[in-house]
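# Working through the structure, step by step
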Amino acid sequence: MSTKTATGREAMVREILATFGMQAGGTVSGVAYGGRFKEDAGGAPLETYDPTTGEVLAHVRTATADDVKRAVSAAHESFAKWRVVPAPQRGEIVRRLGDGFRERKEDLARLISLENGKILTEARGEVQEVIDICDLAVGQSRQLFGREIASERRDHRLIEQWHPLGVVGIISAFNFPLAVPGWGWAIALVCGDTIVWKPSSLTPLISIAAQQIFHSVTAGTDAEHVFSLVIGSGSTIGEALVADERVPLIQATGSCALGERVAAGVAKRSGRAILELGGNNAVIVMADADLKLALRAVVFGSVGTAGQRCTSTRRLILERPIASRFLEQVVHAYRTIGIGDPLDEKTLMGPVISGSAVNDYTEGLAEMQRQGGKLIYGGKVLEERGGYFVEPAIVKSAIDMPIVREEVFAPILHVFEVDSLEEAIAVNNSVPQGLSSGLFTTNLAAAERWLSTAGSDCGIANVNAGTSGAEIGGAFGGEKATGGGRQAGSDAWKGYMRRQTCTINYGTQLPLAQGVEFPVD
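Everything quoted here is computed from the prediction, not taken from an experiment.

Conventions we followed
- Residues numbered from 1 in each chain as written.
- Predicted model: local features only at pLDDT ≥ 70, side-chain atom pairs only at ≥ 80, totals over all residues.
- Heavy atoms only, no water.
- Phe/Tyr/Trp six-rings, centres within 6.5 Å; stacked < 30°, edge-to-face > 60°.
- Helix = DSSP H or I, 4+ residues; strand = E, 2+ residues; numbered from the N terminus.
- Buried < 20%, exposed > 50% of the residue type's maximum accessible area, 1.4 Å probe, protein only.
- Lys NZ or Arg CZ within 6 Å of the ring centre and 35° of its normal.
- Expected span 1.5 Å × (residues − 1).
- Right-handed = clockwise from strand over helix to strand, strands pointing away.
- Pairing = 2+ DSSP bridges.
- 1 Å grid on protein atoms, 1.4 Å probe; cavity = no way out; pocket = protein on both sides within 12 Å on 5 of 7 lines; lining within 4 Å.
- Points joined across faces, edges and corners; volume = space filled by probe spheres on them.
- Nonpolar A, V, L, I, M, F, W, Y, C, P; charged D, E, K, R; others polar.
- Contact = heavy atoms within 4.5 Å.
- Axes fitted to C-alpha atoms, helices over the stretch in contact; angles between N-to-C directions.

### What to know about the packing of aromatic side chains
- Applying the stated criterion across every chain yields a total of 11 aromatic pairs.
- Centroid distance Trp185 to Phe227: 5.7 Å. Interplanar angle 80 degrees. Geometry classified as edge-to-face. With a gap of 42 residues between them, Trp185 in helix H6 (residues 179-190) and Phe227 in strand E10 (residues 227-230) connect regions that are remote in the sequence. By the burial criterion, Trp185 is buried, and Phe227 matches it.
- Counting every residue linked through ring pairs, the aromatic cluster contains Phe101, Trp185, Trp197, Phe214 and Phe227.
- Here the basic side chain of Lys38 rests over the ring of Tyr33, its NZ or CZ set 4.5 Å away from the ring centre.
- Its guanidinium or amino end placed over the ring of Phe176, Lys118 lies 3.7 Å from that ring's centre, counting from NZ or CZ.

### Things to note about helix H4 (residues 105-116)
- Between its first and last C-alpha, H4 extends 16 Å over 12 residues, near the 16 Å set by a 1.5 Å rise per residue.
- Residues of H4 that are buried include every one of Leu108, Ala109, Leu111, Ile112, Ser113, Leu114, Glu115 and Asn116, and no others.
- At the C-terminal side of H4, Gly117 shows a positive phi close to 90 degrees.

### As for the pairing of strand E9 (residues 194-198)
- For E9, the tally of buried residues reaches five of five residues, placing the bulk of the element in the interior.
- The side-chain alternation of E9 yields two buried faces, one formed by Thr194, Val196 and Lys198 and the other by Ile195 and Trp197.
- Considered for its hand, the β-α-β crossover made up of strand E8 (residues 167-171), H6 and E9 is right-handed.
- For E9 and E10, the ladder comprises three bridges, and the chain directions are parallel. From the neighbouring strand, Trp197 faces E10, where its bridge partner is Leu229.

### A closer look at empty space enclosed by the protein
- Across all of its chains, the model carries one cavity of 30 Å³ or more by this definition.
- Taken as a whole, the largest cavity encloses approximately 40 Å³ of empty space.
- Surrounding the largest cavity, Asn280, Arg314, Met368, Glu406, Glu407, Val408, Ile412 and His414 form its lining.
- Per-class residue counts for the lining of the largest cavity are three nonpolar, two polar and three charged.

### Some remarks on the side chain of Ser228
- Positionally, Ser228 belongs in strand E10.
- Relative accessible area serves as the criterion here: at 1%, Ser228 is assigned to the buried category.
- Apart from residues lying up to four places away in sequence, Ser228 is in contact with Ala32, Tyr33, Ala71, Ala75, Ile195, Val196, Trp197 and Gln211.

### Considerations on the sheet that holds strand E7 (residues 156-164)
- Read across the sheet, three strands follow the order E6-E7-E24 without closing on themselves; strand pairing throughout is antiparallel. Bordering the open sheet on either side are strand E6 (147-149) and strand E24 (497-505), each of which pairs with just one other strand. Across the sheet, the axes of successive neighbouring strands diverge by a mean angle of 25 degrees, strand direction being ignored.
- Here three bridges tie E6 to E7, and the two strands are oriented antiparallel to one another. Paired with Arg147 across the two strands is Glu160, which belongs to E7.

In C-alpha cells:
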C-alpha cells in the first residue's frame, strides 16, 4: 500500500471511529451496565483489527467473570421494574431505538465495513435489519396475546397467557454484529425482558457503538438500565453468562461446537436456549430452472459477506443436463467479482475477518483436495493486498467426501451433479446441519415436493430464491445440528416469554377434571 493510499485510509479510519467518540489506536471500555460504561473493567485488554489492512484499530477493556455477575445483577434488578411497564409502552422505547439506528445508519454501516470487512451495501442492509426488527417489535408489543380454551367443567374458564421471562443473555457472532443480536433484543424488550449482551471479540467496536445508542435513547426512561454489555473471551465471559441461574434464556449464534457448550451449560440449570448454529446450505438447480435467476442467487449466496454468513451457499447441486453449462456461468461470474476495500462502493467482496479465517480457508481447500475434490476456480490468498483477502473458490466434490459434512466458514463452494430431484433432495439432507436451502425449478410438482414433508429438512426452504437474504417477518432458524431455535418474526416472540395456563372457577361448585370424585365434607 502506497504512503498516499495509507494516509488516505488512516484519515478515513479516524473519521469513522470519531463519529462514535473513539480514537484510532485508543482504548475504550467494552463493559456497560446500569446505564453507563465502566472504565474500570478488569479483563485482559483486547485488540481489534482492520481486516482490510491487518492493522490495530483500537484497544478494548474487557469484562471479568465478576463484571458479568454485576451486569446480570443490574439486569435482574431492572427486570423487576421493566416487566410491569405496559407492553405498548415498551414498544414505544423500541420504536425510539429504531429511530436511533435509523439516524446513525450510515455511520454504523461504515463502522461495520471497517471492523467486519463487509461491503457497504451489505453493511447498510444489516443496519436496516435492526431498524426493521424494531418496527416489527413495535407492532408485536400490542399482540402478545394468549388464548381461551374450552373447559370441560361447568362454570370454568381455561385461558393461556404470556408473561415476561427475565434476563436474556445474548451471545452473538462477528458476521452479523448488529442484526442477529437485534433480532433478539428488540423482541425480548417488548416481551418485558432485560438484556446482557456478549458480542464477538472480533467486532467489539460495533457493539460499543450500538450500546452508545442504547444509552442515548433510553436515558431518563423506564428502559435506562435494561441493556448491559460484556465484551470478553467466550471461555470466561460466555461461560459465566451461560452458568448464571438468574439468566433463564441464552440466545446464542455461532458454530455447532459453541451451541453444544451452551446447550449443555444451560441444561444443567434447567434454563432455555435459542440456538442458531452452523449452516451447510445447498442450492439445487434443476434442468428446467431459470438459469439467470439461479446464477444471481448462487453467486451472491456463495460470495456475499466473503462466504461468512450462516446462510452462505456452501453446496451447489446441479441436475446433470445443465451442470456443465451452469458451472461455466458461475465461474465466469466469479471472474467479475471485484475484491478489495469494503468501503469502496465498487467492491463486491471484502476481506475475511482474520488471519485465522484465512487459515481455515487454506486448510479447508487443502483437505478437500486431499479427499479427492478438484479445484475449479480460485484458491489463492491475496497476500499482496495486505489484510485478509482470499479468492472465492469452487471445488468439484464427491458427495461422500467427509469434509462435505462440515461447515468451512469461508468463500468455498462445493459442486455436485445429480440425475433427479429425489437424488438432489437426498444430497441436500445428507449433512448434519439444517439451516437454509433453495430449489430452482419451473416445475410446480417439483416445487411442492421440495416443500413437502419428503423434501428439504431445513428450517428455511426456498423456491427460486437462494439460501441468503431471509426477511425478518419470518421465524429464522434451522434444524438438526443448527440448533432448532427460532428468532425474529412469526411467533418467535414466544421463546422470550413464559407461558401460563390459568383456570378461573366462577361457579359455586368445585368439580374436578376428568370427572374425578373426592368427597371430603
